[in-house]
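Listed below, chain by chain, are the residues.
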Amino acid sequence: MITLGIESSCDDTSIALVKDGTQILSSLVSSQIEIHKRFGGVVPEVASRKHLEAILPLLNEALEAAKIKLEDIDQIAATSGPGLLGPLLVGLTTAKALAWYLNKPLVPVNHIEAHLTAAFLTAGQLPEYPFIGLIVSGGHSNLVYATGPRNFETLAQTLDDAPGELYDKTARHLGLGYPGGPVIQKAGEGGDPHKYQLPVPMKGKGYVFSFSGLKTAVMRIVEKEGDKLDMAGLCASLQYSVAEAFAEKVCMAFKDRKSNILAIAGGVSANKVLRERMSEFADKHGIRILLPTLHLCTDNAAMVAAHGYLTADLHKENTLEVNALANWAMGE
Ligand code: KG4
Ligand code: ZN
């Protein structure tokens, strides 16, 4: 069973071909980072146009790389939300046109759910239930208890910024560049994570995340330290605080719910400090941890194809009539 995956919810155009939901035949990403860099963030209108330019050439490349003909595709999975409406529409409309032309099913995919499936795809398998899932990206910060392909109990969400947003905004203020996560990780290499005492957000406050306060705390240190600022120490301390915040809530989740599997996904799961902290926690408690390869952490269509394969039978509606959704909660 060959699934074509299409992803265009933000600033990455991606096309993938995945066999049986577990085997990546090809997965290509056309990134717009260089274009949005100069604005310090994604400009939706620009993103839509770039998706439109990239999507068909990328489809041809992905088919070639997988040595597959268009007619060999069995179903088409496309991200239909949540995300930026214009960008989403480019991918979803392309998917609808292909589904109609090839007379093959279209599976609308929830982008956040797909991120979690990416963790399992890395291990070459479909998700095993129940598991505790942590999605950390530029737009999301969700801790969930997953009991089925589209069954999620949300345990914690952020009150304000997502962790990727914190990194992107902070990096901009620090003049480090965009996207923030990778540049902060690089700047923090070799730095002392205890150099600056940053708060661990929402520690002891139950199932809730909040990351906007950390940005302010970082800026206060910058002002106070002036020329004495230890940038490596600051970036290391910031990543340490973020990792501790996630570790505390993940630990709570394993106490409150029955599971011995932890799946982490989303752009920020590429973060080395977070990966190490979570692996340490999992090792200590005999929990199996699934971390996506770096390519599968950030937005990609392989996760969309895999999640489409997993959820294809759950859609009873005429999917050709499905609309792009800016907001779409997991499991809804
Ligand atoms: O999942 P993703 O590609 O897009 C969204 O759905 O949001 O995540 C993008 C986010 C950006 O905010 C970026 O700064 C962050 O992931 N990111 C990282 C790293 N690589 C990407 N954050 C921390 N450390 C990284 N190595
Ligand atoms: Zn994403």
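Note that the coordinates shown come from a computational prediction; the quantities given were computed from them, not determined experimentally.

A. How the structure looks around the coordination of the zinc ion (ligand 2). At the metal site, the zinc ion (ligand 2) is ligated by His111 (NE2), His115 (NE2) and Asp299 (OD), and these contacts range over 2.0 to 2.2 Å. Mapping the donors of the zinc ion (ligand 2) onto the primary sequence yields the spacing H-x3-H-x183-D. Of this pair, His111 and His115 both sit in helix H4 (residues 111-122), four residues apart, which is roughly one turn of that helix. Across the pair, exposure class does not vary: His111 and His115 are buried alike.

B. Examining the site of ligand 1 more closely. Around ligand 1, the structure places 20 residues, and the nearest of them are Gly138, Asp168, Gly181, Gln185 and Gly267. Note that an oxygen atom of ligand 1 is positioned 2.8 Å from one of the side-chain N or O atoms of Asp168. Within the backbone of Gly267, a nitrogen or oxygen atom sits 3.0 Å from an oxygen atom of ligand 1. In isolation ligand 1 has 550 Å² of accessible area, and contact with the protein removes 88% of it. Broken down by element, the residue count for the shell around ligand 1 peaks at four residues, all from helix H6 (residues 180-188). For the shell around ligand 1, a count of residues per class yields five nonpolar, 13 polar and two charged.

C. Spatial organisation of the sheet that holds strand S5 (residues 106-110). The sheet built from five strands is open, its strands ordered S3-S2-S1-S4-S5 with mixed pairing. Single-partner strands in this sheet number two, and they are strand S3 (23-31) and S5. Within the sheet, the average angular offset between the axes of one strand and its neighbour, ignoring direction, is 20°. Both strand S1 (residues 2-7) and strand S4 (residues 75-81) contribute to a ladder of four bridges, which runs parallel. Following the sheet pairing, Thr3 is matched in S4 by Gln75. Its contacts with the sheet put H4 on S1, S3, S4 and S5, and the angle it makes with S5 is roughly 90°. Across the sheet, helix H11 (residues 301-311) is in contact with S1, strand S2 (12-19), S3, S4 and S5; its angle to S1 comes to roughly 125°.

D. View of the side chain of Ser14. Within the secondary structure, Ser14 sits in strand S2. For Ser14, a relative accessible area of 0% translates into the label buried. Looking at Ser14, its side chain comes within polar contact range of the main-chain oxygen of Leu28, at 2.8 Å. The residues touching Ser14, leaving out its near neighbours within four places in the chain, are Gly5, Ile6, Glu7, Leu28, Val29, Leu58, Asn300 and Ala301.

Calculation notes
Residues numbered from 1 in each chain as written. Chains lettered and ligands numbered in written order. Predicted model: local features only at pLDDT ≥ 70, side-chain atom pairs only at ≥ 80, totals over all residues. Heavy atoms only, no water. Donors = N, O, S within 2.8 Å, 3.2 Å for Na, K, Ca; no water. Helix = DSSP H or I, 4+ residues; strand = E, 2+ residues; numbered from the N terminus. Buried < 20%, exposed > 50% of the residue type's maximum accessible area, 1.4 Å probe, protein only. Near = heavy atom within 4 Å. Polar contact = N/O pair within 3.5 Å; in protein donor to acceptor, adjacent residues only side chain to side chain. Areas by Shrake-Rupley, 256 points an atom, 1.4 Å probe, with all protein chains shown as cover. Nonpolar A, V, L, I, M, F, W, Y, C, P; charged D, E, K, R; others polar. Pairing = 2+ DSSP bridges. Axes fitted to C-alpha atoms, helices over the stretch in contact; angles between N-to-C directions. Contact = heavy atoms within 4.5 Å.

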